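# Results of the structural survey
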Amino acid sequence: MMEQELEKIKEQCLGCQKCPLGQTRTNIVFSDGRPNHKLMLIGEAPGFNEDQTGKPFVGRAGQLLDKILASVGLSREKDVYICNTLKCRPPNNRDPLPSEKEACRAYLDAQMAILKPKIIILCGKVALTSFITGATSISKIRGQWFDGPYGAKMMPIFHPSYLLRNQSKAPGSPKWLMWQDIQEIKRAYDELAVD
Ligand code: URA
């Protein structure tokens, strides 16, 4: 049921020409992981590998994301529904334009309306600024819970590509902070009763 509803939205995306990225994409990148009512992760936009394969987070940042999830026993196959703020790749991986985010937003809203996830992870600045008004700096508010749509708890976390550029694991470093955040997310996840 939930899968069928998501499939309908994906079909709409496949023909989407609401913004110019429709002309340059190789593939729509709609989602990966397990559609579920517990945990959704929203990233930024497809990069080269994602555009080629049609799957989110499959490049280096994606491999690190999988490791971060695995460090607390979560996997995209079983536990997490993964999608992006934009469904199409911006040329040369530039930041999404406000007009592109606006054009794509209805698809993301539809994904959230179907799943009504209890926990939403906002991964990186683009997802953060799409949901938390006035927020600009991820380092200032990562790790905090915010109220999200349909009663969800939302937490902004660093984007894994930022961690790839900051290798230190010392206390207070981005990697160390990510470890605190993913443990807090897992703690909240374990408290949920829904399947
Ligand atoms: N970065 C993202 O934010 N999303 C992807 O799908 C890949 C890299």
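This report concerns the structure included in the present document. Throughout this description, residue numbers start from 1 for each chain and increase along the sequence as written. Local features are withheld for residues below a pLDDT of 70 in this predicted model, meaning they are given only at 70 or higher, and side-chain atom pairs are given and counted only at 80 or more; totals for whole chains, interfaces and linings count all residues. Values shown for side chains rest on all heavy atoms present in the structure; no hydrogens or waters enter the calculation.

## Some words on the sheet that holds strand 6 (residues 153-157)
Here we have 6 strands laid out as an open sheet, ordered 1-3-2-4-6-5, and mixed in their pairing. A single partner strand is all that each edge strand has here, and the edge strands are strand 1 (32-33) and strand 5 (146-147). Contacts from helix 5 (residues 98-115) reach strand 2 (39-43), strand 3 (81-84) and strand 4 (119-123), with the element oriented near 170° to strand 2. DSSP calls a pair of strands paired once it identifies at least 2 bridges connecting them. The helix count covers DSSP runs of H or I at least four residues long, the strand count covers runs of E at least two residues long, and both are numbered beginning at the N terminus. Should any heavy atoms of two residues lie within 4.5 Å, those residues are considered in contact. With axes taken as lines fitted to C-alpha atoms, and helix axes fitted only over the stretch in contact, angles between N-to-C directions fall between 0 and 180 degrees.

## Regarding the pairing of strand 4
Consecutive side chains of a regular strand alternate in pointing toward one face of the sheet and then the other. Counting buried positions along strand 4 yields 5 of 5 residues, so the element is predominantly enclosed. Burial along strand 4 is two-sided: Ile119, Ile121 and Cys123 facing one way and Ile120 and Leu122 facing the other are all buried. As judged from the 4 bridges shared by strand 2 and strand 4, these two strands associate in the parallel manner. Looking across to strand 4, one finds that Leu41 is bridged to Ile121. Relative to strand 6, strand 4 is paired through 5 bridges, and the arrangement is parallel. In the sheet register, Ile120 faces strand 6, and the bridge partner there is Met154. Between buried and exposed lies partly exposed: a residue is buried under 20% and exposed over 50% of the maximum accessible area for its type, with that area taken using a 1.4 Å probe on protein chains only.

## Overview of the site of the ligand
Residues are counted as near a molecule or strand when any one of their heavy atoms sits within 4 Å of it. Around the ligand sit Gly43, Glu44, Ala45, Glu50, Pro56, Phe57, Asn84 and His159, and those are all the residues in its vicinity. At 3.3 Å from a nitrogen atom of the ligand is found a main-chain nitrogen or oxygen belonging to Ala45. N or O atoms closer than or at 3.5 Å make up a polar contact, with two conditions inside protein: a donor-capable atom paired with an acceptor-capable one, and, for residues adjacent in sequence, both atoms drawn from side chains. Side-chain polar atom of His159 to an oxygen atom of the ligand: 2.8 Å apart, as the coordinates give it. Here the ligand, which alone exposes 240 Å², has 91% of that area covered by the protein. Tallied by class, residues from the shell around the ligand come to 3 nonpolar, 3 polar and 2 charged. Accessible surface area values rest on a Shrake-Rupley calculation with a 1.4 Å probe, where residue burial reflects the displayed protein chains alone. Gly counts as polar in this scheme, as do all residues outside two lists: the nonpolar Ala, Val, Leu, Ile, Met, Phe, Trp, Tyr, Cys and Pro, and the charged Asp, Glu, Lys and Arg.

## So, the environment of Pro46
Mapped onto the fold, Pro46 is located in the loop between strand 2 and helix 3 (48-53). Pro46 sits in the buried class, given a relative accessible area of 2%. Note: C-alpha distance between Pro46 and Pro90 (44 residues apart in sequence) is 7.5 Å.

## Thoughts on empty space enclosed by the protein
Whether a set of points on the 1 Å grid over the protein atoms alone is a cavity depends on a 1.4 Å probe fitting there but being unable to get out, while an open set qualifies as a pocket with protein on both sides within 12 Å along at least five of seven lines; lining residues are those with an atom within 4 Å of a point. Grid points are joined across faces, edges and corners, and a volume is the space filled by probe spheres set on the points. Overall, the coordinates contain 1 cavity of 30 Å³ or more when judged by the stated rule. Estimated volume of the largest cavity: approximately 100 Å³. Cys16, Cys19, Cys88, Cys104 and Tyr107 are, among the 15 residues lining the largest cavity, the residues nearest its centre. Top contributing element to the lining of the largest cavity by residue count: helix 5, with 4 residues. Considering only residue class, the lining of the largest cavity consists of 10 nonpolar, 1 polar and 4 charged.

## As for the pattern of salt bridges
By definition, a salt bridge exists where a carboxyl oxygen of Asp or Glu is found within 4 Å of a side-chain nitrogen of Lys or Arg. Counted by the stated rule, this structure contains 8 salt bridges. Between Asp181 and Arg142 there is a salt bridge; the shortest N-O distance is 2.7 Å. Here the residue Asp181 occupies a position in helix 9 (residues 174-191), and Arg142 occupies one in the loop between helix 7 (138-141) and strand 5, the gap between them amounting to 39 residues. According to the relative accessible area criterion, Asp181 is buried, its value standing at 3%. One salt-bridge network, held together by shared partners, links Asp32, Asp66 and Arg76.

## Things to note about the packing of aromatic side chains
Each Phe, Tyr or Trp ring, with Trp reduced to its six-membered ring, pairs with another whose centre is within 6.5 Å; inter-plane angles below 30 degrees give stacked pairs, above 60 give edge-to-face pairs, and intermediate values give tilted ones. Inspection of the entire model under this criterion finds 1 aromatic pair. Ring plane angle 40° and centroid distance 5.0 Å describe the contact between Phe158 and Tyr162, whose orientation is recorded as tilted. Tyr162 gets classed as partly exposed once you look at its relative accessible area, which sits at 30%. Should the NZ of a Lys or the CZ of an Arg lie within 6 Å of a ring centre and within 35 degrees of the ring normal, that charge is described as sitting over the ring. Over the aromatic face of Tyr150 sits the side chain of Lys116, whose NZ or CZ is 5.2 Å from the ring centroid. The residue whose ring lies beneath Lys153 is Trp145, and the NZ or CZ to ring-centre distance is 4.6 Å.

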